[in-house]
Amino acid sequence: MGFLDHSTNNIILDAVLTDAGRRQLAANKGDFRIAYFSLADDEVDYSLITKFGRAIGKEKISKNTPIFEAQTNAQIALKNRLLSLPDPTVTRLPSITASVAGTESITLSRLTAANQEASVTLEQTMTGGRTIPDGAVDSSFTVIMPDRFVKLPDRSFFAIDEISRMASYTIVAGGQRNASGGASTSFRVRITSGLDDEMFDGFGDQGNKSQISSVITIIGNQTGFRKDVQVSITKT
Amino acid sequence: MSTLTGGSFKRVAPSDIVTRKSNLNQLVDIIQEDVSGSATRRKYQVFVTGGVGPGVTSSLFQTVYDQDFTLQTSNAIFDMTVGLSSLSQVVTSSRTATDAATGKMLFPSQTLMMREKMDIYRQYAKTLLGNADSKFFAPVTTIDTSDTNAAGDPNPDRIDEALFFSFRRLFSRDKIKKETFAMRFYMSASEGPGSFELDGVTPSTSGDGGGGLYRHAPRHGQGTSIDLRTPLSSSNIDKTSISGSVILTDIGAATNTTTRFGGEVCSIVRSDDTSQRVGLVFYDHGTVILDLKKITSASQHMSGVLDGMSGGTISGLGTNTVGGYEAALGSLPAGKVHIGRQIKSDHNKYGNANAKFIPDFLASGSIDNIVDHIAGSRFQSGSLTAMTFQNITRINSTLIFCRATADEFNFSTNPTYTDNSGDIVAIETGTNQRSFTFPTTIGLHDESGTVLAVAKLSRPVEKNDEKDVTFRVRLDF
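Presented here is a report on the structure given in the accompanying data block. Each residue is numbered by its place in its chain's sequence as written, counting from 1. Chains and ligands are labelled by the order in which they are written, letters from A for the one and numbers from 1 for the other. Residue-level local features of this predicted model are given only where pLDDT is at least 70; pairs of side-chain atoms are given and counted only at 80 or more, and the full residue set underlies all totals for whole chains, interfaces and linings. To get the side-chain values, all heavy atoms of the structure are used, and hydrogens and water are removed first.

Examining the overall build of chain B
Rule in force here: Each helix is a run of H or I in the DSSP string that is no shorter than four residues. Each strand is a run of E no shorter than two, and both are numbered from the N terminus. Burial classes: relative accessible area under 20% of the type maximum marks a residue as buried, over 50% as exposed, and values in between as partly exposed (1.4 Å probe, protein chains only). Whether two residues touch is decided by their heavy atoms; if any such pair falls within 4.5 Å, the residues are in contact. Using a 1.4 Å probe, accessible areas were evaluated by the Shrake-Rupley method; residue-level cover was limited to the displayed protein chains.
Counting secondary structure elements, chain B contains nine helices and 32 strands. The burial tally for chain B puts 52% of its 477 residues in the buried class. Contacts spanning at least 24 positions in sequence make up 69% of the contacts within chain B whose residues lie at least 6 apart. For chain B, the exposed surface amounts to about 20,100 Å²; the carbon and sulfur share of it is 48%.

Written out as structure tokens, the structure reads:
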């Protein structure tokens, strides 16, 4: 994707249908129905505010941030959503943590049955013992993972990209809350059956074909907070 | 996604979605060398004869591309072909019989593809006039009217010998815009040896050395000296025209357009005399029909080599002399015939020395021969504009108004929005400052949260609790 022309004072909107939108149009089932909108600020670097102060930082963001053209891949078109909170004075926001036995990455091994699966603990946390503000608590999460390598056992994905094979699952947090008042739940990740040597040859890491490295993305369905978790699968 | 009731989505009210229709115009400019060049003009040789000699292969139409058509990046601009009405002089003067049972017309072997040329005409008539038996008339007001005028002569408005241009959808889009079509066309063929010989000169058969050979030119020392030692391949059929260009245009279409079976249609006129209506343009269909009788010097002598039903090599053509010159040099291979020059071999005479564009050339040439001549010679081969028009693309737009009120979308999930402890970096500690964001992207979602469309702003726009913003996203279909 290239950058949009920002040399004029006019603000131009570059709008495209995503692959999912085109697929729904092609399906001709009347699914193409716009119900919600969301805003995102993927290109913006707010650390400019810290570096230059509020006034100049804002100006630098506004004038010195080139914007990429719209992306047609629905899964990566919109990464950092903006959020509406009922309390306008909120000064701290939660984050999502995903860990396996205290480690923020997932390591699976094809060889031993015990290591073919891992339980991931997922929760929203606030530092400093604060409580998560109203409106920033998620009740469900979308987990996107490479279906070729891993899956969620006993669950069905609600969408999958036919080419990249990225599958999307919904994890419902329910009413369970942690000490910060954030959502807390867990799910299991398992190596996809049929992950054979040929797959390692084809998708293995450069320089180490006995390991496949990938990423599992977790997105809060209500807030849009997201967390990328590294997953490594070893052949032996 | 189970529910979207959270703070990063806002429902779009039905009243915030409106549909509009608009038109987009594009200027299409076709340069001469694209039409004339053999590399940019593609042939589809699907017509094959049997019978005498190697036979003849020809296209039913040719396609003009914007660059070498063998390249994957080339785009087809238009198709061109020729057609003859059943009332054309070309047909009536050459037809030998009509099968009473089937209606099939029979033609002599000196003609080529006569039935195919008529079928092309009928196909266009069927598509554009609604009846394959109908004839095209220019001006358009007399479309499908009587075949003869009050005196019983052929209706001069009737297009009997038609040149068809069908513009590809990539360029004509939804339709051609009225009053924008224009083309530069050379009415006369190049004045090659053949055409010069008969220009105002009564053909003579004397002084040919005793063979009854047609004398092509003034004798040496009498009048203009002409070198008759030109090989047979030299002709005005494959020479680029150098003069006699006219501009043909649809000027006046804004007030003279009629709607017929094939959609809106208007006459094409000569720009130097708009009373001369020389063709039709069907705007919706993207088709231009020109009357060859009016846009060419129909009685001009034509000379050259054509595909034909010839079984063997015609050779020994250089052995006879005319007025001290060799009559012609070279030989014709099997499958080729000559038009516009009578040649002699072993005291036999071949060819029609008096061949004209209409009817002889149109009757004797294959569709490829005729299209090759028109495209290769009558448009010149420079970088000037050969044809131009504007197209119309009808755009159906959905406008979605995304309204963010003052208290909405003032926080971000951007990782740079907070520091390591989760504090919002845009707010200085201990102050009453309010948060702000800089949206750059708008996502449009369905009920399940799937992103159906994405819009990007050309620059970030500040959003804070003192500002409400409405983004108007337009999706074109």
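Notes on the sheet that holds strand E11 (residues 184–191) of chain A
All names here are of chain A. The following threshold applies: At least two bridges found by DSSP between two strands is the condition for calling them paired.
The four strands are arranged E4-E6-E11-E8 in an open sheet whose pairing can be described as antiparallel. Among the strands making up the open sheet, the edge pair consists of strand E4 (95–99) and strand E8 (150–151). Two strands pair when backbone bridges link them, and strand E6 (residues 117–125) and E11 are joined in this way by seven bridges, in the antiparallel orientation. Each bridged residue has a counterpart across the sheet, and for Leu122 the counterpart in E11 is Thr185.

A word on empty space enclosed by the protein
Filter applied, for reference: Put plainly, a pocket is an open set of points on a 1 Å grid over the protein atoms alone with protein on both sides within 12 Å along at least five of seven lines, a cavity is a set where a 1.4 Å probe fits but cannot get out, and a lining residue has an atom within 4 Å of a point. Grid points are joined across faces, edges and corners, and a volume is the space filled by probe spheres set on the points. Throughout, the ten residues Ala, Val, Leu, Ile, Met, Phe, Trp, Tyr, Cys and Pro are labelled nonpolar, Asp, Glu, Lys and Arg are labelled charged, and all others, Gly among them, are labelled polar.
One pass over the full model with this rule turns up two cavities of 30 Å³ or more. Considering only enclosed or pocket space, the second largest cavity measures out at about 30 Å³ in volume. Around the second largest cavity sit A:Pro88, B:Asn410, B:Phe411, B:Arg434, B:Ser435 and B:Asp465, which together line it. By residue class, the composition of the lining of the second largest cavity is two nonpolar, two polar and two charged.

Details of the packing of aromatic side chains
The line we're drawing: Stacked, edge-to-face and tilted labels apply to pairs of Phe, Tyr and Trp rings (six-membered ring for Trp) whose centres lie within 6.5 Å, assigned for plane angles under 30 degrees, over 60, and everything in between, in that order.
Scanning the entire structure with this criterion turns up 21 aromatic pairs over all chains. Taking the centre distance of 6.1 Å and the plane angle of 85 degrees together, the rings of A:Phe157 and A:Tyr169 count as edge-to-face. Remark: A:Tyr169 occurs in strand E10 (residues 166–172) and A:Phe157 occurs in the loop between E8 and strand E9 (159–160); sequence separation between them is 12 residues. Exposure remark for A:Tyr169: the relative accessible area of 2% places this residue in the buried category. Between the aromatic rings of B:Tyr124 and B:Phe164, the centroid separation amounts to 3.9 Å while the plane-to-plane angle is 0 degrees, which identifies the pairing as stacked. Highlighted residues: B:Tyr124 in helix H3 (residues 114–129) and B:Phe164 in strand E12 (residues 161–167), separated in sequence by 40 residues. Exposure remark for B:Tyr124: the relative accessible area of 14% places this residue in the buried category.

A closer look at the interface of chain B and chain A
One widely used convention gives an interface's size as the accessible area the parts lose upon coming together. This is how it is decided: Throughout, the accessible surface (probe 1.4 Å) given up by two parts as they are put together, summed over both, is called the buried area. For this document, the term salt bridge refers to a Lys or Arg side-chain nitrogen within 4 Å of an Asp or Glu carboxyl oxygen.
With 69 residues of chain B in contact, the opposing surface of chain A contributes 74 residues. In total, about 6,600 Å² of surface goes out of reach between chain B and chain A, with carbon and sulfur atoms giving 59% of it. Put simply, B:Glu462 and A:Lys58 hold a salt bridge, and the shortest N to O gap is 2.7 Å. A total of seven residues in the side of chain B that touches chain A trace back to one element, the largest contributor, which is strand E30 (residues 451–457) of chain B. When its residues are assigned to classes, the side of chain B that touches chain A shows 33 nonpolar, 22 polar and 14 charged.

Quick notes on the sheet that holds strand E1 (residues 13–17) of chain A
To keep it simple, the criterion reads: Axis lines are fitted to C-alpha atoms, over the contacting stretch for helices. Their N-to-C directions set the angle, which ranges from 0 to 180 degrees.
Overall, antiparallel pairing links the five strands, which are arranged E1(A)-E30(B)-E29(B)-E2(A)-E1(B) in an open sheet. The outermost strands of the open sheet, each flanked by one partner alone, are E1 of chain A together with strand E1 (10–11) of chain B. Where E1(A) meets E30(B), five bridges bridge the pair, whose relative direction is antiparallel. What sits directly across from A:Ala15, in E30(B), is B:Ala455. Taken strand by strand, helix H1 (residues 19–27) of chain A contacts E1 of chain A together with E30 of chain B, and its axis lies near 135 degrees from that of E30(B).

Focus on the pattern of salt bridges
Residue and element names in this part refer to chain A. A complete count under the given rule lists 27 salt bridges over all chains for this structure. With its nearest N and O atoms 3.5 Å apart, the salt bridge here joins Glu59 to Lys63. Taken together, the residues span about one helical turn, with Glu59 and Lys63 both in helix H3 (residues 54–64) at a distance of four residues. In this structure, a network of salt bridges that share partners links the residues Glu117, Asp154, Arg188 and Arg190.

Quick look at unusual backbone geometry
In this model, B:Ala138 is joined to B:Pro139 through a cis peptide bond whose omega is 15 degrees. Within the secondary structure, B:Pro139 is located in the loop between strand E10 (136–137) and strand E11 (158–159). The peptide bond linking B:Ile358 to B:Pro359 adopts the cis configuration, its omega dihedral lying at 10 degrees. Position of B:Pro359 relative to the elements: it lies in helix H8 (residues 357–364). Phi is positive for A:Asn28, close to 55 degrees, though the residue is something other than glycine. Secondary-structure assignment places A:Asn28 in the loop between H1 and strand E2 (36–40). Judged by relative accessible area, A:Asn28 falls into the exposed class, the value being 68%.

Quick word on the nonpolar core
Condition: To form a nonpolar core, buried Ala, Val, Leu, Ile, Met, Phe, Trp, Tyr and Cys residues must be joined to one another through side-chain atoms within 4.5 Å.
Formed by 77 residues in total, the largest nonpolar core has its most connected members in B:Phe78, B:Phe136, B:Leu163, B:Phe165, B:Phe167 and B:Leu290. The element best represented in this core is H3(B), accounting for eight residues. If you look at the next biggest cluster of nonpolar residues, it comprises 52 residues, including A:Leu93, A:Ile106, A:Met126 and A:Ile191.

Here we look at H3(B)
Residue and element names in this part refer to chain B. Test applied: Here the expected length of a helix is defined as 1.5 Å per residue gap, with one fewer gap than residues. Summarising the geometry, the arc corresponds to the directions from the helix axis toward the C-beta atoms.
The end-to-end C-alpha separation of H3 is 22 Å, in line with the 22 Å expected for 16 residues at 1.5 Å each. Among all positions of H3, only Met114, Lys117, Met118, Ile120, Tyr121, Tyr124, Ala125, Leu128 and Leu129 are buried. Buried residues of H3, viewed axially, fall in a sector of 155 degrees; they line one side. Two residues or fewer past H3, Gly130 is found with a positive phi of approximately 90 degrees.

A closer look at the pairing of strand E32 (residues 469–476) of chain B
All names here are of chain B. Of the two faces of E32, the one lined by Val469, Phe471, Val473 and Leu475 is fully buried and the one lined by Thr470, Arg472, Arg474 and Asp476 carries no buried residue. Examined bridge by bridge, strand E26 (residues 385–404) and E32 share eight bridges and lie antiparallel to one another. Paired with Ile400 across the two strands is Val473, which belongs to E32.

Digging into the side chain of A:Gln116
Here A:Gln116 shows up in the loop between strand E5 (105–109) and E6. What A:Gln116 contacts, discounting residues up to four positions off in sequence, is A:Leu108, A:Ser109, A:Arg110, A:Leu111, A:Val189, A:Arg190 and A:Ile191.

Some thoughts on the environment of B:Asn369
Residues and elements named next belong to chain B. So the rule is basically this: Identification of polar contacts relies on pairs of N or O atoms within 3.5 Å, with a donor-acceptor requirement for protein atoms, meaning one able to donate a hydrogen and the other able to accept it, and with residues adjacent in sequence counted only if both atoms are side-chain atoms.
Structurally, the position occupied by Asn369 is in helix H9 (residues 367–377). For the pair Asn369 and Asp16, spaced 353 residues apart in sequence, the C-alpha to C-alpha distance is 60 Å. With residues near it in sequence (within four places) discarded, Asn369 still touches Leu306, Asp307 and Phe361. Of note is the side chain of Asn369, whose polar atom sits 3.2 Å from the backbone nitrogen of Asp307.

These figures capture arrangement, not role.
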